[in-house]
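# Secondary and tertiary structure notes
Residue-level listing of the chains:
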Amino acid sequence: MKKIVIIYYSLFILFALTACENPQGPTAQLELNPVTLQLKVGDVATIDVGNAANVEWRSSNEEVATVYYGVVTAKAIGKAEITAVSGKSTATANVFVTGTDGASLRINPPLVSLRPGDTFDFQYGNTYDLELTWSSSDPQVATIDRNGHLTAVGPGNAIITLATNIESVTALVAVEHAWGEYRLVWSEEFDGDALDESTWTYNLGGSGWGNNEKQYYTSRPENIRVQNGCLEIEARKEQYENNEYTSARIMSKSKRTFTYGKFESRIKFPGGKGTWPAFWMMGNSGGWPNCGEIDIIEHIGSQDSRASFALHTVMKNGTRGNNWSSLKWFDYPLSADFHVYGIEWAQEEKDGKDVIRFTIDGVQYAEVWEEQMDNNDYWPFNKPFFFIYNLAIGGNMGGQVDDAIFNQTRIMYVDWLRVWQRSEN
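Summary of the structure given here. Because the structure is a prediction, the values reported are computed rather than measured. (Residues numbered from 1 in each chain as written. Predicted model: local features only at pLDDT ≥ 70, side-chain atom pairs only at ≥ 80, totals over all residues. Heavy atoms only, no water.)

## Focus on the packing of aromatic side chains
Each aromatic ring pair is described using two quantities: the centre-to-centre distance and the angle formed by the ring planes. Definition in use: We call Phe, Tyr and Trp rings a pair once their centres come within 6.5 Å, taking the six-membered ring for Trp, and we label the pair stacked below 30 degrees between planes, edge-to-face above 60, and tilted otherwise. By definition, any uninterrupted DSSP run of H or I lasting at least four residues is a helix, any uninterrupted run of E lasting at least two residues is a strand, and each is numbered from the N terminus. Note on exposure labels: buried denotes an accessible area under 20% of the residue type's maximum, exposed denotes more than 50%, and partly exposed covers the range between, all computed with a 1.4 Å probe on protein chains only. In this scheme, Lys NZ or Arg CZ marks a charge over a ring once it lies within 6 Å of the ring centre and within 35 degrees of the ring normal.
Counted by the stated rule, this structure contains 28 aromatic pairs. Consider the rings of Phe-263 and Phe-387, whose centres lie 5.7 Å apart with planes at 70 degrees: the pair is edge-to-face. Residue Phe-263 is found in strand β25 (residues 261-268), and its partner Phe-387 is found in strand β33 (residues 385-393); the two are separated by 124 residues along the sequence. Taken as a pair, Phe-263 and Phe-387 share a single burial class, namely buried. Lying over the aromatic face of Phe-330, Lys-328 brings its terminal NZ or CZ to 5.6 Å of the ring centre. We note Arg-418 situated over the ring of Trp-416; from NZ or CZ to the ring centre the distance is 3.9 Å.

Rendered as structure tokens:
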């Protein structure tokens, strides 16, 4: 009888030991998904453990990230290791927390200007020591290898991106154009006895031209003519089409247009209180101010010693009162003689950006760089522009008109207009 009791007792112990084990068999290896989380401060994410039960969680750095039943909350920039324990199985996931791109990854400098064939090595920081990937937006401009070694290939701009699996940073590479010497590509000498209408169009009208101007522009020989080797634009005091003054304005729109180069014109201004002559350019497409405007020279007769240079764009223009402008005062009246007024409009010359320089008699008096105006979305000076000559009376800049000035003729003389451009080497 004792033997039977002992057998039953042994069976009971065996059954009890078996019942303590997982009824589904040996505990499966605990697996987390995902094993790497890239979060920004304030983000919340969940780590999945499949069918695992009774999982215990902990974070190696609760100041960076906390975990509650697999829900991870990013608290501060840094790295934390999330550990999950189920029975005898343990698994971990890495959490990388950043603020914005560049919080743990850095590249220096942010802008590099090179010539074709130059090389350069970026400096960079990688807080988490993660695997890095380098790339160029345009390999025809610049290439970069896995160590951040840059090679300038050809002219233009390229964005260099340094990335890990949690963030990325960028730098701009500007590879300069290799230019030849300036060469004369076109000129208007105003020889002969008539305006060349294959180049020029008369601008007619007297509605104020957006500047409260007082004149009516005509095409009459009384107001505009070519003689003695010059274009002559004459302002007159006379009633015409409900205006009390007449003058003229011509433009080369859609006939002679240029993008980049050196543009110069030899001009003599009329002077006199109320005169407002100008030599300027506008973009050949789009309405003002989107098309852009380059005021190569504006002269105010009441301030005869002053030269005015200006640029207008869609975001910075005269209507808004925030256009770029520069003034130069001389110790002699500009109307006393001919002077050569011009600009040098250079492509991607300064850190990959365009530059416009204003000159009088070959001397530079002002410069504006693309970065000083607007971002690239609003820089219109990279497309064809046409020329304009006009002699306004009164208006926003011309000011009050002294009719006594018309006791003498008021003529704007234009001797010539010349265009130089450089070929790309």
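Once you've had a look at it, read on.
## A word on the pairing of strand β3 (residues 56-59)
Condition: When DSSP locates at least two bridges between a pair of strands, those strands are taken to pair.
Burial of β3 is one-sided: the residues Trp-57 and Ser-59 facing one way are buried, the residues Glu-56 and Arg-58 facing the other way are not. Examined bridge by bridge, β3 and strand β6 (residues 78-86) share four bridges and lie antiparallel to one another. Bridge pairing in β6 places Ser-59 opposite Ile-82.

## Looking at the sheet that holds strand β4 (residues 65-68)
For clarity, the cut-off: Angles here are taken between N-to-C directions and fall from 0 to 180 degrees, while the axes themselves are lines fitted to C-alpha atoms, restricted in helices to the stretch in contact.
Ordered in space as β2-β5-β4, the three strands form an open sheet in which the pairing is antiparallel. The open sheet is flanked by β2 (44-46) and β4, the only strands paired with a single partner. Neighbour-to-neighbour, the strand axes of the sheet open up by a mean angle of 20 degrees, direction not taken into account. Two strands pair when backbone bridges link them, and β2 and strand β5 (residues 71-74) are joined in this way by three bridges, in the antiparallel orientation. Its bridge partner being in β5, Val-44 is matched across the sheet by Thr-73.

## Let's talk about the sheet that holds strand β15 (residues 156-163)
Taken together, the four strands give an open sheet; going across it, the order is β9-β16-β15-β12, and neighbouring strands pair in mixed fashion. Of all the strands in the sheet, the pair left with one neighbour each is β9 (111-114) and β12 (133-136). Put simply, the sheet's adjacent strands are angled 20 degrees from each other on average, direction ignored. In the sheet, β12 pairs with β15 via four bridges, with the strands oriented antiparallel. Across the sheet, the residue bridging to Ser-136 is Ile-160, located in β15.

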